[in-house]
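Topology and contacts: notes
So you can see what is in the structure, the chains are spelled out below.
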Amino acid sequence: MSRLTLLRIARWAKGKKADTEHPNLETLIDEESVKVSDGYHYARWITPLVGLTLAAGCFLPLALTVHPLFWIGVAGMALIGGALGAVFHAFATRISPSQLALRKRCVGLANKLTSARHLLGVTPVISPKVAAVLDDAAKIYLQVRPNGERDLRIRATDAWTDASQKALRAMDEAMAQLLTLTEPASPQAQEAALAQGWAEPLLAEMRATAAAICNQRIASQISGASLHPAASSLSELTDARAHLERLDSALQELNEETVREQA
């Protein structure tokens, strides 16, 4: 069940259209708010402590007072707790702090959108201007962050892969930062935060980064599809264009050097 189900029911009950003015933002909230926020981060510490507590509080007294075989229980509970802690740690390290912040802020925004005052239309909980900016940002974010790969940290095999992963993590952080615009209680305060001027440059940088990521993916896909008829043509065009650009740059430098010598 989506966290925005109540919002959609209320929208339908009021006779409004099923679609929303901000579909990308709602899609982002649906996808991120249903995930575990930081359970693995807690579990990797809780399970070893539980194992040690059971080992020391239950089996250790029995081993000291009843029978030495209970030492097996002491060691077993400690090992089980440590093993589970290691497993949860492995899962936790796959989720970056920026992804955690993104999910928590999506949950917070979902709670606002499904609050009674918003569903009843008493007072708006998000400024239309802020919502428009966030919907644009969510559209860009969802284009480069398909659901299947959002939680995977792909091991870098070359410089391009490493750069792409860094760019994707930066997109997580940027989207999470933009969602802080909805944290002020009133729409007026949210618009005041938007008026500070940092959101638009961040959105523009997200757009440029997303374009670079998409271009790199297209180039990687085509370079991998060596049997495709267009692959060789594209490769030749790319090499030819790069060669022309290098020649043009060299010619400009030569002309500038000639002008300086004549001066």
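The following paragraphs examine the structure supplied in this document.

With that settled, the discussion passes to the packing of helix α7 (residues 128–144) against helix α9 (residues 187–194). In contact at an axis separation of 8 Å, α7 and α9 are set at 55° when each is read in the N-to-C sense. Between α7 and α9, the crossing angle belongs to the class labelled oblique. Side by side, α7 and α9 meet where K129, V130 and V133 of the first sit next to Q190, E191 and L194 of the second. Here the contact of α7 with α9 is built from residues that sort into 3 nonpolar, 1 polar and 2 charged.

This part covers the nonpolar core. A general tendency of soluble globular proteins is for nonpolar side chains to be buried together. M175 and M206 are the most contacted members of the largest nonpolar core, which has 40 residues in total. For this core, the element with the highest residue contribution is α7, accounting for 10 residues. If sequence neighbours within four positions are ignored, M206 has contacts with A137, I140, Y141, M171, A174, M175 and L178.

So, about a nonpolar patch on the surface. Taken together, the side chains of Y42, I46, V50 and L54 make up a nonpolar region of the molecular surface, amounting to roughly 380 Å² of accessible area. You can see Y42 is positioned in helix α3 (residues 39–65).

Here we take up the pattern of salt bridges. Applying the stated criterion to the full structure yields 3 salt bridges. In this structure, R105 and E183 form a salt bridge, with 3.6 Å as the shortest nitrogen-oxygen distance. One end of the pair, R105, is in helix α5 (residues 97–113); the other, E183, is in the loop between α8 (159–178) and α9, with 78 residues separating them in the sequence. When the shortest N-O distance is used, the salt bridge between R207 and D136 registers 2.7 Å. One end of the pair, R207, is in helix α10 (residues 199–224); the other, D136, is in helix α7, and 71 residues separate them in sequence. For R207, a relative accessible area of 39% puts it in the partly exposed group. D136 gets classed as partly exposed once you look at its relative accessible area, which sits at 28%.

In a regular helix each residue adds 1.5 Å, so 23 residues correspond to 33 Å; helix α4 (residues 70–92) covers 33 Å between its end C-alpha atoms and thus fits that length. Contacts made by the buried residues of α4 are with α3.

Our focus in this paragraph is the side chain of T182. Structurally, the position occupied by T182 is in the loop between α8 and α9. Residues contacting T182, with those up to four places away along its chain left out, are L109, K112, I126, V130, L134 and Q190.

Thresholds, definitions, all that
- Residues numbered from 1 in each chain as written.
- Predicted model: local features only at pLDDT ≥ 70, side-chain atom pairs only at ≥ 80, totals over all residues.
- Heavy atoms only, no water.
- Axes fitted to C-alpha atoms, helices over the stretch in contact; angles between N-to-C directions.
- Helix = DSSP H or I, 4+ residues; strand = E, 2+ residues; numbered from the N terminus.
- Parallel < 35°, antiparallel > 145°, perpendicular 65-115°, else oblique.
- Contact = heavy atoms within 4.5 Å.
- Nonpolar A, V, L, I, M, F, W, Y, C, P; charged D, E, K, R; others polar.
- Core = buried A, V, L, I, M, F, W, Y, C linked by side-chain atoms within 4.5 Å.
- Buried < 20%, exposed > 50% of the residue type's maximum accessible area, 1.4 Å probe, protein only.
- Patch = residues over 30% accessible without salt bridge, like charges linked within 9 Å, V, L, I, M, F, W, Y side chains within 5 Å.
- Areas by Shrake-Rupley, 256 points an atom, 1.4 Å probe, with all protein chains shown as cover.
- Salt bridge = Lys/Arg side-chain N within 4 Å of Asp/Glu carboxyl O.
- Expected span 1.5 Å × (residues − 1).

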